[in-house]
Amino acid sequence: MLERLERLPVDPILGLMAAFRGDADPRKVDLGVGVYRDDRGNTPVVRAVRQAEQAVLARQSTKAYVAPAGNPGFNQAMERLVLGEGHPALTSGRVRTIQTPGGCGAVRLGAEILRVASPQSVVHVSTPTWANHVPLVTGSGLELARYPYFDRASGGVDFQGMMGAIERLPARSVVLLHASCHNPTGADLSESQWHELLKVVKQRGLLPFIDMAYQGLGVGLAEDAFAPRLFSAELPEVLIAVSCSKNFGLYRERTGALHVVSESAAAADAALSQLVRIARSIYSMPPDHGAAIVHEVLSDEGLRRSWLEELSEMRGRIQGLRNELVKKLAAVYPHRSFAYIAAQRGMFSYLGIDTPQVRELRVQHHVYMTDDSRINIAGLSTGNLAYFAESVAQVLPKH
Ligand code: LMR
């Protein structure tokens, strides 16, 4: 049966990791997969995570199953982290949470429950969106459509284009939104734009499905969660997929959550019962280790403080690199403005070069980025910034 299977190309993002590892050139620069890096190019274990991990392991007396929805302490701590203490959706008992294998698991479970609730739903994603949103959503059997989002000319959001498309969506359409640190463009809505979008979502009866994979890496924990907090307070139903990969550096531990905000406590209970059943039919239960660590960090005053400090260091380093990159590119391209790179948030920016130029950078200069010219800003460093700007100058004409 398997002999007829066709061999597939490698994943557009994960395939770059192997290509980079296999490149022996000492000048190589990895701006591919979205992992945080320090100035030496390492992705360190977050200090509070290392300490929490030791405490968790020292205390652990069994490897017996935890629970179908995962670690309840983690789930509650994540609700408070995402929505903020005392959020009205929490106090009115309208939120239920299931721990998931990473943010991908959360997006997929969200799509699966939408398909159960409303098989004809269409999920509308931004143009562009994170490459893996497409298989995660369509793999559930739901249809996917796109709305305009990025304005290449300004490096910001094409808000008019976006609103024009969303205003025309039929009731019960699902709109997949990035809470902050938009992947792949780094272009986010402003607070007033979120308010305008909320009005349309209310008027049209749309369902927001918010993906938040970078809370704390944009402006701050509360600022980055502005949209999920606002929408959950104002709307009867919201889905929020959250990842702990980047802000806790727990990439390989596959730690995430799906929060479902429902119209009533009874509807929320029903939704959770469905989610648990769906998860059971795919992977039964989520892995425990990463969630136990996050729970420990968030419930211990000292560890939480240490985590917040390190998160702020990471955010500061990314912003510093954005500013430096703008300066370096301005020196090479005096007639072009790259100021939008400094205004964007999170790990990613679009460089704005075409795929042949991206390939040339990879082959000739050992600089790795995805084919759409998305760069992981955190992969830059004091040691490679100048080399990166010089390499770009070799492939992108000055005029
Ligand atoms: C990325 O966008 O590079 C990260 O979110 C990693 C991934 O799984 O694609």
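Nothing here was measured: the structure is a model prediction, and the numbers come from that model.

**Student:** Explain the nonpolar core to me, please; I cannot follow it from the model alone.
**Tutor:** Soluble globular proteins tend to pack their nonpolar side chains together in the buried interior. Membership of the largest hydrophobic core comes to 127 residues, with the highest contact counts inside it found for Met162, Leu197, Phe231, Phe248, Trp307 and Phe388. Ranked by the residues each element gives to this core, the list is headed by helix 13 (residues 301–332), at ten residues. Leu197 has contacts with Met162, Met163, Ile166, Leu177, Leu189 and Phe231, leaving out every residue within four places of it along the chain.

**Student:** Help me understand the packing of aromatic side chains, please; the structure alone is not making it clear to me.
**Tutor:** What describes a pair of aromatic rings is the distance from one ring centre to the other and the angle between the planes of the rings. The full count for this structure, using the stated rule, is seven aromatic pairs. Pairing Trp194 with Phe231 gives two aromatic rings, centres 5.8 Å apart and planes at 90 degrees, and the pair type is edge-to-face. Taken as a pair, Trp194 in helix 8 (residues 191–204) and Phe231 in helix 10 (residues 226–234) lie far apart in primary sequence, 37 residues in all. As far as burial versus exposure is concerned, Trp194 and Phe231 are alike and both buried.

**Student:** Looking at this structure, I do not really get helix 2 (residues 47–59). What am I missing?
**Tutor:** Every α-helical turn comprises 3.6 residues, leaving residues that sit three or four positions apart pointing alike. The end-to-end C-alpha separation of helix 2 is 19 Å, in line with the 18 Å expected for 13 residues at 1.5 Å each. The set of residues buried in helix 2 consists of Ala48, Val49, Ala52 and Val56. For helix 2, the buried positions fall inside an angular range of 95 degrees around the axis, keeping them on one side. Turned more than 90 degrees from where helix 2 packs its buried face, Gln54 and Ala58 sit exposed. Looking at the buried side of helix 2, the elements it contacts are helix 12 (289–299) and helix 13.

So, how was this worked out
- Residues numbered from 1 in each chain as written.
- Predicted model: local features only at pLDDT ≥ 70, side-chain atom pairs only at ≥ 80, totals over all residues.
- Heavy atoms only, no water.
- Core = buried A, V, L, I, M, F, W, Y, C linked by side-chain atoms within 4.5 Å.
- Buried < 20%, exposed > 50% of the residue type's maximum accessible area, 1.4 Å probe, protein only.
- Helix = DSSP H or I, 4+ residues; strand = E, 2+ residues; numbered from the N terminus.
- Contact = heavy atoms within 4.5 Å.
- Phe/Tyr/Trp six-rings, centres within 6.5 Å; stacked < 30°, edge-to-face > 60°.
- Expected span 1.5 Å × (residues − 1).
- Arc of directions from axis to C-beta.

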